[in-house]
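# Structural features, examined
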Amino acid sequence: RSTQSRSSAASDVYKRQVSTQSTWGLQIKLFFQIMSQKPVALSKKTEKVRVSVRCRPMSPQEMTDSRQVIVQVNEKRGEIFVKNPKSDVQEVPKQYTYDVVYDWNSLQEDVYAQTAYPIVESVLEGYNGTIFAYGQTGTGKTFTMEGVYDNSKLAGITPRAFEHIFKSIQASSNKQFMVRASYLELYNEEIRDLLSKNYIQKLELREKPDEGFYVKDLSAFMIQNKEEMLEKLLFGKKNRVTGETKMNQTSSRSHSLFQITVEMAQTGADGETHIRQGKLNLVDLAGSERQSKTEATGDRFKEGININQSLTALGNVISALVESKGGHIPYSCLLYTSPSPRDS
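Residues numbered from 1 in each chain as written. Predicted model: local features only at pLDDT ≥ 70, side-chain atom pairs only at ≥ 80, totals over all residues. Heavy atoms only, no water.

### Side note on the sheet that holds strand S5 (residues 94–97)
Across a sheet, strands are paired by hydrogen bonds formed along the backbone, either parallel or antiparallel in direction. For clarity, the cut-off: In this analysis, strands are considered paired if DSSP registers two or more bridges between them. In this description a helix means any DSSP run of H or I spanning at least four residues, a strand means any run of E spanning at least two, and both kinds are numbered starting from the N terminus. Note on definitions: angles span 0 to 180 degrees between N-to-C directions of axes, and those axes are lines fitted to C-alpha atoms, for helices only across the stretch in contact.
Pairing is antiparallel across the open sheet formed by three strands, whose spatial order is S3-S4-S5. Where the open sheet ends on each side, the last strands, each with one partner, are strand S3 (71–74) and S5. Strand-to-strand twist across the sheet, computed as the mean angle between neighbouring axes with direction ignored, equals 20 degrees. As paired elements, strand S4 (residues 79–82) and S5 share four bridges and run antiparallel to each other. In the strand pairing of S5, Phe81 is matched with Gln95.

Below, the structure written as structure tokens:
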């Protein structure tokens, strides 16, 4: 199927996901991988938006509650079948097709190899790439993006990307590299620098005609190896806003973006030094939620409203990207959907 038809299907699921996932015991999350256009020679990788779906296993509580498994996954065909547990037995399950699908037995390393590896490779070639996980609160987004850092089997996309980048740098003998890292969160529509000593200070989103959007005064640190990169990530995580809800004891109450900038210098055939820059955006979105399920009140309730509004805006941007031809893309609706140069 075409990229547009698959992405449109993902958009349809997005619009229905809150009511769907709060009802069904087994939940689904989407990975939207955004890549810049590749050269013609790599035409098989020219898709700008790829959608992968990973189904998590049932939780102990869901098994205790005798919930039903109502999702079937066909990994070879990229298909997911979803059955309504309240429907007639003869009703045909709904079918959805994506670029890649994973069942609840999928391994972290396989998810990285298929979804993240090509994007990190493109960043090392001077392109911008973004990987983010979307889904209802409690569906395992953070596990997929981060996993268990000190466990080689359970490590998620982020620590594997760190290792990937520095292994590639070490293996390169004819290039010079400079790597920088920044870490921010979007909390109640305010941008905060998670690596700053004054991390509760509100930062501003600005735009330069020749560079695009940027966050004024956002700190950036030079990184020498994967250990330093992980150290910065863990430092920033301590400053990120989390809170307990009925559905998740450590629910992320903000969207976070860990940005890695890789600059490469190489002497060309003309004897001149040529510099390329690629950016990898690793995004952990807060989960969408229903107040009736989370039983959130006070600050948690306000956070939930802002989370849902921002995710709706993101859904509108994705729909516009895959459905419109040269039409308006509503990037400006919310802060974190603003594009960078060479991003798709």
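### Structural notes on the environment of Val100
Convention followed: Any two residues whose heavy atoms approach within 4.5 Å are treated as being in contact.
Along the chain, Val100 turns up in strand S6 (residues 100–102). For the pair Val100 and Asn74, spaced 26 residues apart in the sequence, the C-alpha separation amounts to 9.7 Å. Each residue touching Val100, except ones within four places of it in the same chain, is listed here: Arg50, Val51, Ser52, Val53 and Gln114.

### A few points about the pairing of strand S2 (residues 49–55)
Looking along a regular strand, one sees the side chains alternate between the two faces of the sheet. Going by this rule: Remark: exposure states derive from per-residue accessible area (1.4 Å probe, protein chains only) relative to the maximum for the residue type, with buried under 20%, exposed over 50%, and partly exposed in between.
Within S2, seven of the seven residues are buried, leaving the element largely enclosed by the surrounding structure. Burial along S2 is two-sided: Val49, Val51, Val53 and Cys55 and Arg50, Ser52 and Arg54, pointing in opposite directions, are all buried. Strand direction decides the pairing type here: S2 and S6, joined by three bridges, are parallel. Bridge pairing links Ser52 to Val100 in S6.

### Here we look at the pattern of salt bridges
Condition: Any carboxyl oxygen of Asp or Glu within 4 Å of a side-chain nitrogen of Lys or Arg constitutes a salt bridge here.
What the rule picks out here adds up to ten salt bridges. Two residues, Glu79 and Arg77, come together in a salt bridge whose shortest N-O distance is 3.2 Å. One salt bridge in this structure joins Arg180 and Glu263, with 2.9 Å as the shortest N-O distance. In this pair, Arg180 sits in strand S8 (residues 176–187) while Glu263 sits in strand S16 (residues 255–267), placing the two residues 83 residues apart along the sequence. Classification of Arg180 by relative accessible area gives partly exposed; the value is 22%. Because the salt bridges share partners, they merge into one network encompassing Glu163, Lys167 and Lys226.

### Here's the deal with unusual backbone geometry
You will see that Ser66, though not glycine, has its phi angle at about 60 degrees, which is positive. Here Ser66 is to be found in the loop between helix H2 (60–64) and S3. Residue classification places Ser66 among the exposed residues on the basis of a relative accessible area of 60%.

### What about the packing of helix H3 (residues 108–123) against helix H5 (residues 157–171)?
Selection rule: In what follows, roughly perpendicular refers to angles from 65 to 115 degrees, roughly parallel to angles under 35, roughly antiparallel to angles over 145, and oblique to any angle outside these ranges. The handedness criterion is simple: a crossing whose near helix is rotated anticlockwise from the far helix by less than a right angle is left-handed, and one whose near helix is rotated clockwise is right-handed. Amino acid classes used here: Ala, Val, Leu, Ile, Met, Phe, Trp, Tyr, Cys and Pro are nonpolar; Asp, Glu, Lys and Arg are charged; the rest, including Gly, are polar.
Packing of H3 against H5 leaves a shortest axis separation of 10 Å and a crossing angle of 50 degrees. Put simply, H3 runs oblique to H5. Two packed elements cross with a definite hand, and for H3 against H5 that hand is right-handed. On H5, the residues that touch Gln108, Glu109, Val111, Tyr112, Thr115, Ala116, Tyr117, Val120 and Glu121 of H3 are Ile157, Arg160, Ala161, His164, Ile165 and Ser168. The residue inventory of the contact of H3 with H5, partitioned by class, reads eight nonpolar, four polar and three charged.

### Considerations on the nonpolar core
Short version of the rule: By nonpolar core we mean a set of buried residues, namely Ala, Val, Leu, Ile, Met, Phe, Trp, Tyr and Cys, connected to one another through side-chain atoms within 4.5 Å.
Core analysis: the largest hydrophobic core is formed by 32 residues, its most contacted members being Ile165, Met229, Phe258, Ile260, Leu280 and Leu282. Elements supplying a minimum of two residues to this core: S6, H3, strand S7 (129–135), H5, S8, helix H6 (226–239), S16 and strand S17 (273–284). Sequence-distant contacts of Leu282, defined by excluding residues within four places in its chain, comprise Ile131, Met145, Ile157, Thr158, Ala161, Phe162, Ser256, Leu257, Phe258 and Ile260.

### Regarding the packing of aromatic side chains
For any pair of aromatic rings, the description consists of the separation of the ring centres together with the inter-plane angle of the planes. The cut-off we apply is this: Planes of paired rings set the category: under 30 degrees apart is stacked, over 60 is edge-to-face and the rest tilted, where pairs are Phe, Tyr or Trp rings (Trp by its six-membered ring) whose centres lie within 6.5 Å.
Taken as a whole, this structure holds two aromatic pairs when the rule is applied. Summarising the aromatic geometry, the rings of Phe162 and Phe258 are spaced 5.5 Å apart at their centres and angled 45 degrees between planes, so their arrangement reads as tilted. Placement of the pair is Phe162 in helix H5 and Phe258 in strand S16, with a sequence separation of 96 residues. Overall, the relative accessible area of 1% leaves Phe162 in the buried class.

### Things to note about the environment of Lys83
Mapped onto the secondary structure, Lys83 falls in the loop between S4 and S5. Residue Lys83 is classed as partly exposed on the basis of its relative accessible area of 34%. Considered as a pair, Lys83 and Pro93 are ten residues apart in the sequence and their alpha carbons are 4.4 Å apart.

### Considerations on the environment of Thr137
Considering the arrangement of structural elements, one finds Thr137 in the loop between S7 and helix H4 (141–145). By relative accessible area, which is 3% here, Thr137 ends up buried. Between the C-alpha atom of Thr137 and that of Ala286, which follows or precedes it by 149 residues, the distance is 7.1 Å.

### Quick notes on the pairing of strand S11 (residues 205–208)
Direction of pairing for S11 relative to strand S12 (residues 212–215): antiparallel, over a ladder of four bridges. Residue pairing across strands places Lys208 opposite Gly212, the latter belonging to S12. Between S11 and S12, which pair antiparallel and follow one another directly, the connecting turn spans three residues.

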